[in-house]
Amino acid sequence: MGSPRSQKPLELILARNLLTSISTPGFLLDSDAAVVFYNEAAAALLGRSFEDAGRMSAEQWTAAFGPFDRQGAPVEVDGLATTEAIRAGRPAHGSFTIRAADGARVAIEASAFPIVASEHGSSGAMVLFWPLSENGDSSPGGGR
Amino acid sequence: MRVKVWGARGSVPAPGPHMNRYGGNTSCVQVTLADGDVLILDAGTGIRNLGVGLVGARRINILLTHLHLDHIQGLMFFPPCFREESQITIWGPASPEASLEDRIARYISAPLSPVEVRELPCSVSFRDTPATEWEVAGATIRAEAVTHRGPTLGYRITDGDTALAYIPDHEPALGAPLAGLEPEWISGFDLARGVDLLIHDCQYADDEYPEHVGWGHSGLSDTLIFASRVEADRLLLFHHDPLHSDEFLDDLGATAKRAWQGLRRDATELELGQEGGEFAVGPAVQAVHA
Ligand SMILES: [Zn+2]
Ligand SMILES: [Zn+2]
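What you are looking at is a predicted structure, and each value in this text was computed from that prediction instead of being measured.

Asks: Is there a simple way to explain the interface of chain B and chain A in this structure?
Replies: Interface extent is often summarised as the accessible area lost during association of the parts. The interface is formed by 22 residues belonging to chain B together with 18 residues belonging to chain A. Considering only the surface of chain B that becomes buried against chain A, B:Glu133, B:Glu184 and B:Trp185 emerge as the three largest contributors, covering 38% of it. Applying the counting rule to chain B against chain A returns two salt bridges. With its nearest N and O atoms 3.6 Å apart, the salt bridge here joins B:Glu182 to A:Arg16. Between chain B and chain A we count five residue pairs in polar contact (both at pLDDT 80 or more) in total. Elements represented by at least two residues in the side of chain B that touches chain A include exactly strand E8 (139–145) and helix H4 (189–192) of chain B. If you tally residues by element for the side of chain B that touches chain A, the top one is E8(B), at three residues. For the side of chain B that touches chain A, a count of residues per class yields ten nonpolar, five polar and seven charged.

Asks: Looking at this structure, how should I read the coordination of the zinc ion (ligand 2)?
Replies: Residues and elements named next belong to chain B. At 2.1 to 2.5 Å from the zinc ion (ligand 2) lie its protein donor atoms, namely His66 (NE2), His68 (ND1), His148 (NE2) and Asp169 (OD). Coordination geometry of the zinc ion (ligand 2): the four donor atoms subtend angles of 90 to 171 degrees at the metal centre, consistent with an arrangement described as irregular. One chain supplies every donor for the zinc ion (ligand 2), spaced along it as H-x1-H-x79-H-x20-D. The distance between the zinc ion (ligand 2) and the zinc ion (ligand 1) is 3.4 Å, with aspartate 169 acting as a donor to both metals. Of this pair, histidine 148 sits in the loop between E8 and strand E9 (153–159) while aspartate 169 sits in the loop between strand E10 (162–167) and H4; the two residues are 21 residues apart in sequence, bridging distant segments of the chain.

Asks: How should the pairing of strand E4 (residues 59–63) of chain B be read in this particular structure?
Replies: Look at any regular strand and the pattern is simple: side chains alternate between the two faces of the sheet. Residues and elements named next belong to chain B. With four of five residues buried, E4 is to be regarded as a mostly interior element. Traced from strand E3 (residues 38–41) through helix H1 (residues 46–53) to E4, the parallel crossover comes out right-handed. Where E4 and strand E5 (residues 87–92) come together, five bridges link them in parallel fashion. Paired with leucine 63 across the bridge in E5 is tryptophan 91.

Asks: Hey, could you run me through the confidence of the model for chain A in this one?
Replies: The predicted coordinates of low-pLDDT regions are not to be read in fine detail. Residue and element names in this part refer to chain A. With 87% of its residues at a pLDDT of 70 or more, chain A has an overall mean of 83. Element-level mean pLDDT values for chain A span from 75 in helix H5 (residues 81–88) up to 95 in strand E2 (residues 35–38). Segment residues 1–5 is flagged for pLDDT under 50; beyond a separation of four residues in sequence, or across chains, it makes eight contacts in the model.

Asks: Please clarify how the side chain of A:Glu11 should be interpreted in this entry.
Replies: When you line up the elements, A:Glu11 lands in helix H1 (residues 10–21). For A:Glu11, a relative accessible area of 16% translates into the label buried.

Asks: Where do I start with the sheet that holds strand E12 (residues 235–238) of chain B in this structure?
Replies: Sheet strands line up and pair through hydrogen bonds in the backbone, either parallel or antiparallel. Residues and elements named next belong to chain B. Across the sheet, seven strands lie side by side as E7-E8-E9-E10-E11-E12-E13; this open sheet has mixed pairing. Strands at the two margins of the open sheet, each flanked by one partner only, are strand E7 (134–136) and strand E13 (270–272). Taken pair by pair, the neighbouring strands of this sheet meet at an average axis angle of 20 degrees, ignoring direction. As paired strands, E7 and E8 are joined by three bridges and run antiparallel to one another. Residue pairing in the sheet places tryptophan 134 in a bridge with isoleucine 141 of E8. This element, helix H6 (residues 246–262), spans E12 and E13 of the sheet and lies at about 165 degrees to E13.

Asks: Just to check I follow, could you spell out the coordination of the zinc ion (ligand 1) for this structure?
Replies: For a metal bound by four donors in tetrahedral geometry, the ideal donor-metal-donor angle is 109.5 degrees, whereas six donors in octahedral geometry ideally sit at 90 or 180 degrees. Residues and elements named next belong to chain B. Looking at the zinc ion (ligand 1), one finds its protein donor set to be Asp70 (OD), His71 (NE2), Asp169 (OD) and His239 (NE2), positioned 2.1 Å from the metal centre. For the zinc ion (ligand 1), the four donor atoms in the first shell make angles of 90 to 166 degrees at the metal, a pattern classed as irregular. As a motif over one chain, the donors of the zinc ion (ligand 1) read D-H-x97-D-x69-H.

Asks: Sorry, what's going on with H1(A) here?
Replies: End to end, H1(A) covers 17 Å across twelve residues, agreeing with the expected 16 Å (1.5 Å per residue, within 8%). Three or more residues of H1(A) are buried, namely A:Leu10, A:Glu11, A:Leu12, A:Ile13, A:Ala15, A:Arg16, A:Asn17 and A:Leu19. Along its buried surface, H1(A) packs onto strand E1 (26–30), E2, strand E4 (105–117) and strand E5 (121–131) of chain A together with E8 of chain B.

Asks: Where do I start with the packing of aromatic side chains in this structure?
Replies: With the rule as written, the count across this model stands at ten aromatic pairs over all chains. Ring centres of A:Phe37 and A:Phe50 lie 5.6 Å apart, and the angle between their planes is 65 degrees; on these two criteria the pair is classed as edge-to-face. With A:Phe37 in strand E2 and A:Phe50 in helix H3 (residues 50–53), this residue pair connects regions lying 13 residues apart in the sequence. Their ring planes at 55 degrees and their centres at 6.5 Å tell us that A:Phe37 and B:Trp185 sit as a pair that is tilted.

Asks: Mind showing me how you'd approach the packing of helix H5 (residues 220–229) of chain B against H6(B) here?
Replies: When two helices pack together, their arrangement is captured by the angle between the axes and the distance separating the axes. All names here are of chain B. Relative to each other, H5 and H6 sit at 40 degrees, their axes nearing to 10 Å. The pairing of H5 with H6 is recorded here as oblique in orientation. As for how H5 packs across H6, the hand of that crossing is right-handed. Note on element contacts: H6 touches H5 through Leu252, Thr255, Ala256, Ala259 and Trp260, opposite Leu220, Leu224, Ala227 and Ser228. For the contact of H5 with H6, a count of residues per class yields seven nonpolar, two polar and no charged.

Thresholds applied
Residues numbered from 1 in each chain as written. Chains lettered and ligands numbered in written order. Predicted model: local features only at pLDDT ≥ 70, side-chain atom pairs only at ≥ 80, totals over all residues. Heavy atoms only, no water. Contact = heavy atoms within 4.5 Å. Buried area = accessible area lost by both parts, 1.4 Å probe. Salt bridge = Lys/Arg side-chain N within 4 Å of Asp/Glu carboxyl O. Polar contact = N/O pair within 3.5 Å; in protein donor to acceptor, adjacent residues only side chain to side chain. Helix = DSSP H or I, 4+ residues; strand = E, 2+ residues; numbered from the N terminus. Nonpolar A, V, L, I, M, F, W, Y, C, P; charged D, E, K, R; others polar. Donors = N, O, S within 2.8 Å, 3.2 Å for Na, K, Ca; no water. Tetrahedral: all angles 85-135°; square planar, octahedral: opposite > 155°, others 65-115°. Buried < 20%, exposed > 50% of the residue type's maximum accessible area, 1.4 Å probe, protein only. Right-handed = clockwise from strand over helix to strand, strands pointing away. Pairing = 2+ DSSP bridges. pLDDT = per-residue confidence, 0-100. Axes fitted to C-alpha atoms, helices over the stretch in contact; angles between N-to-C directions. Expected span 1.5 Å × (residues − 1). Phe/Tyr/Trp six-rings, centres within 6.5 Å; stacked < 30°, edge-to-face > 60°. Parallel < 35°, antiparallel > 145°, perpendicular 65-115°, else oblique. Left-handed = near helix turned anticlockwise from the far one by under 90°.

Here is the structure:
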């Protein structure tokens, strides 16, 4: 009897509001692992604003930005920490390289945690990127 | 559908000579459906006066948005609770922590209360609101979580071709400027979309809001933008701050009407919630008296 849901669940809305307010590059994924939002810090890292990019399926995302492993080979969607966070409902952490819009490679660590509300079950995940400096240290709260 | 406001105040009762016109009782709205059945929205102190006149009603449905005291304080003073023949159903937000009954019983129990829930002579049941639309007394009800402090619902009530949204405690603009945001990212948008009457939080004047960001309530401009974005036909500003006197609220109402006209809307579509105010709600809404 429920009408079709066009509106995002409140927990995703609040997660987006949080991401909008912080300077750590952050992404919001829905329960299909599609990127439904990323913040300005993430846009600075990718070289492309979310307003320009719009919602991206996991496949569109990987085609545009990677990620790639240490040897430069593309990482399968199934192997991503974010996919694990959503599918298994568990936090996950990984490191890989992404390709920004200008072609530059950026080494990052990523922390993903699932967003679960009792009312809707899994709503998606929040993913934070920690860009690595040349010597491999992660830089909290920084774009490039 | 008819709507009567029994309490339009937010946070805490605010009686006094400077509060008489808008009233000092906290949130409570009576909705009378086309077939005469009654729904009660929130059980702030306004529900006490409502209950005094509610003689002969056996089945009573109360829809609670959340359990802040200004929305449940009147429950213990609601005369039907003390009538054996009353069958009261109280709907409210689910919680993983405790049942609705147990959470409300924290208030209706010693030492805060002289009676316990189990001692009430009426028959009372507590129901978590379903995740999808459901029917109460012939009306279709939809409850959705909205931005406030703590788990809080807004309601959309549809009776025939008339729809009402009740979102008394709501800060949809928290961290999210409403003017340019896509509808799917606005808290409460679907609940209020295209309703005949929107009853919405407007606790603060615009110059007061910056001091209260994150408190869970809206400033005037955000309320107006929200109402305009959802294309509500009519707007009732609600949950008045306990510090706001009649004179202050008159001024706020005048400011609101000017700003509403600035959004290319008609000033007559907007009013401040006033205790005793009563409306017929439908595609052509008329205030009966206030
Ligand atoms: Zn309140
Ligand atoms: Zn509240």
